[in-house]
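Survey of secondary and tertiary structure
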Amino acid sequence: MVRKTIRNIPQERAFMPVQDPEARAANFDEVALGFDEAAALLESERCLMCPEPACIAGCPVSIDIPGFIEKLLKNDYRGAYDRLTDSTLLPAVCGRVCPQEEQCEGVCAVAVSGGLEPVAIGRLERWLGDKAIAEGWHKSRHIEPARFRVGVVGSGPASMACAADLAKAGCEVTVFEALHAPGGVLRYGIPEFRLPNSVVDAEIGQLETLGVEIKCNTLVGRLFTVEQMLSEMGYDAVFIGAGAGTPKFMDIPGENLNGVLSANELLTRCNLMHAGDFPNYDTPLGLGKRIAVIGAGNTAMDAMRVSLRLGAEEVHCVYRRTELECPARAEELHHAQEEGIAFHWLTSPVELLGDAEGNVRALRCQRMELGEPDESGRRRPVPVEGSEFDFEADTVVYAIGTSPNPILGQTSKIRLNKWGYIETDETLATSLAGVYAGGDIVTGAATVILAMGAGRKAAESIRQYLGIRDSASVY
Amino acid sequence: DIVSSDFPIVTRTDFSDTTFLLEILHPAMAKAAKPGQFVIVMVNEHGERIPLTIADFDRQRGTITLVIQAVGKSSREMQAECRVGGTLFGMVGPMGIPSHVSDAKKVICVGGGLGVAPIFPQARAFKENGAYVIGVVGFRSANLIFWEHKFRSVCDEFIICTDDGSAGLKGLVTQGIEGAIAEHGDIDEVVAIGPPIMMRACAEATRPHKIKTMVSLNPIMVDGTGMCGGCRVRVGGRIKFACVDGPDFDGHAVDFDDLMQRLKRYRPQEQQSLEQWDENCRRLQMAPADAAGHGSK
Ligand SMILES: Cc1cc2nc3c(=O)[nH]c(=O)nc-3n(C[C@H](O)[C@H](O)[C@H](O)COP(=O)(O)OP(=O)(O)OC[C@H]3O[C@@H](n4cnc5c(N)ncnc54)[C@H](O)[C@@H]3O)c2cc1C
Ligand SMILES: Cc1cc2nc3c(=O)[nH]c(=O)nc-3n(C[C@H](O)[C@H](O)[C@H](O)COP(=O)(O)OP(=O)(O)OC[C@H]3O[C@@H](n4cnc5c(N)ncnc54)[C@H](O)[C@@H]3O)c2cc1C
Ligand code: SF4
Ligand code: SF4
Ligand code: FES
């Protein structure tokens, strides 16, 4: 085989169709349509098969990227999928939602030393993940039952990954979810046009195939405590993946006006409760015509693009820093701009103004400029004196971050850090013996792949804690 | 099986044409529930998540009791569809911080409208704690009264107020409170549950006497787990999430105007939803009132 160099690989990325911006702004169908087989093979040709692959180091769960691409190139798709899923539980999800430009693709040699677009690693993963769903591939358990019972709190990506690994290690696993449907943010947060519910359902279905039992409508802490799971309910270990969850507000005047809501509320009403289909579904949304979303992360992008699809005439993003500091995935920002969302950088609200009926009618904003760098290394926005101006909006959505959900802290002796997140050591063990935690409830709001990685790491620690021999090579 | 995945309805009682009781089998919840907590219920897959106070729980029978006022689409649909032998699509709880049952020696427990049932477990808890309990409950008229003997069994004094004077005291619950305060100089605490306007009136009635007054707030909720912020209320000038920071708060610190304003947020949609539902019922030649009649025992 000719050794691949930057000169003899396809210079352009393989084509991936995307729904036309104008059409897609009016529907909830997927925006990025994914590769077909020919495109996946063509794109795979672009990988240089680096002897020391930077991409693996860039992936939080160290997926053997050239390894799976090599199998893909040999048309061994099942083999490629198996290699991929040695490290990730959710390829169809992460392939769609990972911030690849900051992780695997951000350090890919094709881009870093070759100056071309990096190998589209995420899109290849998505293609394999979707193929696995279509073909019904899954990894079955090969392990003798370990006769241990593990309880898992929450059903987001951290919990799903932990539950899968423990089930494969022979444990009897029960997942408890407070909402009436499982999946965490994948279900209630990330909208259909980025991550279809059918994909989430398929991944949950995989868990059930592994024998994991999922109990919804179960609020741990209040229905029973974490301590009771160990003492009375007979669980040998517990994993907590409760997510960060609680939305932040700014504490400026007017925040309780009607028409002011968190992005979580908007997205939950829409994604979990189907408010877009009101009154066929009972949950209303009551969205206005001119929407202002405060913040510019993934949550903000989702809230804006959902608003657009639900018939808003104008959608505006108000963000106190610049496009450079915008924390959303590059692809989402790009898609949002294409769909016609207006961005107001270096702008921050100081007050929300209402009408006589108590509905929001405008934001009073202030212009900002960038000052000295702050702890995060980003230049701190500072208000420009006397720059206030009013900006009309009949719906104002907060997407400025989350704080930890308080329920487990209220109901358990588990140790929290000073910000209210669960404290763990490097094995993800908490202050309670046999109780492990991971994902957003430990790190604060992060990413799907980091949550999944934490779930797997905790599963490994739980295996050791329970004395189950290392079985990673067996399945 | 410690947690049920469906929620069988084992008893239904209709107190009037708008108020009805459902007893639901859920042994784990019956075991965990404490006064002041609530559940979130979904009637069917298309339904809303509606918060309802746990009006009673029976650890032996493994049940919890809800008392519901049919006011809009979802609650009327419950009235029409929930029958003994049927199940709810979803029910999660107990939610919220349990009421702090203080060591108060003499308390007034006040319930009005949809707050009559939920005040009962609180009155009982105070009684079990050795307090002298004065119950004050308000109804529009005598034919709507329910649970009188239940209340009498846990109250040292029990005052019924009716708007039209057809039973008990003619007037509002605040008159009952004022009467009780005048008679007993040593009330330690008042607990009031009902519509916001009533709770505000109760808080105003006790404010001059500086009697600690706890209220149970009922803003619009979605998840009930602290994840959406839809239930935010203003207490002492600060934003609180009623589902995880409450639902009980100091009535003298609550901004009731804010609460009432926010409860109006979905008026047009609530109206639309109800109209469409009525229309569907008519089309099925099944007026809601009849449907309710079928459901009762
Ligand atoms: C709108 C939005 C868009 C995002 N977009 C991206 C993206 O594009 N790419 C990306 O990588 N990341 C994205 N993220 C972040 C990512 O979704 C999260 O980091 C990830 O889901 C965290 O996973 P988790 O398992 O820790 O918790 P979650 O996904 O938050 O799941 C926690 C689950 O636990 C349940 N729970 C909580 N408390 C209890 C309890 N006491 N009892 C029972 N159940 C409980 C909750 O109901 C929830 O279902 C986004 C987040 C949001 C909100
Ligand atoms: C913590 C809590 C405990 C509650 N406990 C009970 C209970 O034990 N029994 C009971 O019957 N109801 C209770 N409620 C109120 C109940 O949730 C609402 O009545 C119900 O959601 C209305 O739904 P609907 O579709 O029937 O009416 P909608 O069409 O939604 O509303 C009809 C009318 O009811 C008013 N309303 C709507 N939501 C609420 C609300 N959350 N509180 C008060 N009024 C509202 C509206 O302003 C409107 O006028 C409680 C609410 C909370 C937050
Ligand atoms: S999981 Fe995410 S970071 Fe890792 S290789 Fe896949 S797309 Fe890249
Ligand atoms: S860094 Fe890029 S080119 Fe190198 S192995 Fe990884 S994906 Fe292939
Ligand atoms: S109901 Fe969603 S935070 Fe309270």
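The rules behind the values
Residues numbered from 1 in each chain as written. Chains lettered and ligands numbered in written order. Predicted model: local features only at pLDDT ≥ 70, side-chain atom pairs only at ≥ 80, totals over all residues. Heavy atoms only, no water. Contact = heavy atoms within 4.5 Å. Buried area = accessible area lost by both parts, 1.4 Å probe. Salt bridge = Lys/Arg side-chain N within 4 Å of Asp/Glu carboxyl O. Polar contact = N/O pair within 3.5 Å; in protein donor to acceptor, adjacent residues only side chain to side chain. Helix = DSSP H or I, 4+ residues; strand = E, 2+ residues; numbered from the N terminus. Near = heavy atom within 4 Å. Areas by Shrake-Rupley, 256 points an atom, 1.4 Å probe, with all protein chains shown as cover. Nonpolar A, V, L, I, M, F, W, Y, C, P; charged D, E, K, R; others polar. Buried < 20%, exposed > 50% of the residue type's maximum accessible area, 1.4 Å probe, protein only. Axes fitted to C-alpha atoms, helices over the stretch in contact; angles between N-to-C directions. Parallel < 35°, antiparallel > 145°, perpendicular 65-115°, else oblique. Phe/Tyr/Trp six-rings, centres within 6.5 Å; stacked < 30°, edge-to-face > 60°. Lys NZ or Arg CZ within 6 Å of the ring centre and 35° of its normal. pLDDT = per-residue confidence, 0-100.

Before going further, it helps to spend a moment on the interface of chain A and chain B. Every contact between the two is made by 46 residues of chain A and, on the other side, 54 residues of chain B. Across the chain A to chain B interface the summed buried area is about 4100 Å²; carbon plus sulfur atoms make up 53%. If you look at where chain A meets chain B, you find 3 salt bridges. Between Glu 232 of chain A and Lys 31 of chain B there is a salt bridge, with the nearest N and O atoms lying 3.1 Å from each other. Summed over the shared surface of chain A and chain B, the number is 20 residue pairs in polar contact (both at pLDDT 80 or more). Listed by contribution, the elements that provide at least two residues to the side of chain A that touches chain B are strand S5 (246–247), strand S6 (260–262), helix H13 (263–272) and helix H16 (407–411) of chain A. It is H13 of chain A that provides the largest number of residues to the side of chain A that touches chain B, a total of 4 residues.

This part covers the site of ligand 1. Residues and elements named next belong to chain A. Among the 35 residues in the neighbourhood of ligand 1, the closest are listed as Val 97, Glu 177, Arg 194, Val 220 and Asp 440. Within the backbone of Asp 440, a nitrogen or oxygen atom sits 2.9 Å from an oxygen atom of ligand 1. The contact in question runs from an oxygen atom of ligand 1 to an N or O atom on the backbone of Thr 447, over 3.4 Å. In the complex, 95% of the free accessible area of ligand 1, which totals 1000 Å², lies under the protein chains. Sorting the residues of the shell around ligand 1 by element identifies helix H9 (157–168), helix H14 (298–309) and helix H18 (448–466) as the ones contributing at least two each. For the shell around ligand 1, the element with the highest residue contribution is H14, accounting for 3 residues. Class assignment of the residues belonging to the shell around ligand 1 gives a composition of 18 nonpolar, 12 polar and 5 charged.

Within the span of helix H5 (residues 77–84) of chain A, buried status applies to Tyr 77, Gly 79, Ala 80, Tyr 81 and Leu 84 of chain A. Turning to H5 of chain A, the residues buried within the fold contact helix H2 (37–44), helix H4 (65–73), helix H6 (91–97), helix H8 (121–135) and helix H11 (197–209) of chain A.

Next up on the list: the site of ligand 4. Around ligand 4, a shell composed of Cys 47, Leu 48, Cys 50, Pro 53, Cys 55, Pro 66, Cys 108, Ala 109, Val 110 and Ile 121 of chain A is seen. Taken together, the residues of the shell around ligand 4 break down into 10 nonpolar, no polar and no charged.

Turning our attention to the side chain of Glu 332 of chain A. Of note, Glu 332 of chain A is situated in helix H15 (residues 330–338). Once residues lying within four places of it in the same chain are set aside, the contact partners of Glu 332 of chain A are Arg 194, Asn 298, Met 301 and Arg 305 of chain A.

Two measures define how a pair of helices packs: the angle their axes make with one another and the distance between the axes. Residues and elements named next belong to chain A. Between H4 and H5, the least distance of the axes is 7 Å, while the angle of their chain directions is 170°. With respect to H5, the element H4 is oriented roughly antiparallel. Residues Gly 67, Phe 68, Lys 71 and Leu 72 of H4 form the contact with H5, whose own contacting residues are Tyr 77, Gly 79, Ala 80, Arg 83 and Leu 84. Looking at the contact of H4 with H5, its residues break down into 5 nonpolar, 2 polar and 2 charged.

Moving on, we get to the packing of aromatic side chains. If you walk through the whole model with that rule in mind, you get 17 aromatic pairs over all chains. Relative to Tyr 235 of chain A, the ring of Phe 176 of chain A lies with its centre 6.1 Å away and its plane at 85°, an arrangement referred to as edge-to-face. Placement of Phe 176 of chain A in strand S2 (residues 172–176) and of Tyr 235 of chain A in the loop between helix H12 (226–231) and strand S4 (237–240) is noted, with a sequence separation of 59 residues between them. One exposure class covers both Phe 176 of chain A and Tyr 235 of chain A, and it is buried. Three or more aromatic residues link up through ring pairs in this structure, and these residues are Phe 15, Phe 120, Phe 139, Phe 146, Trp 147, Phe 151 and Phe 158 of chain B. Residue placement shows Arg 290 of chain A over the ring face of Phe 391 of chain A; its charged tip is 4.8 Å from the ring centre. Over the ring of Phe 389 of chain A we find Arg 367 of chain A, and its NZ or CZ is 4.1 Å from the ring centre.

This next bit is on the confidence of the model for chain A. Do not read the predicted coordinates in detail wherever pLDDT is low. In the predicted model, chain A carries a mean pLDDT of 89, and the fraction of residues at 70 or more is 97%. Averaged pLDDT values for the elements of chain A fall to 86 in helix H1 (residues 21–24) of chain A and rise to 97 in S4 of chain A.

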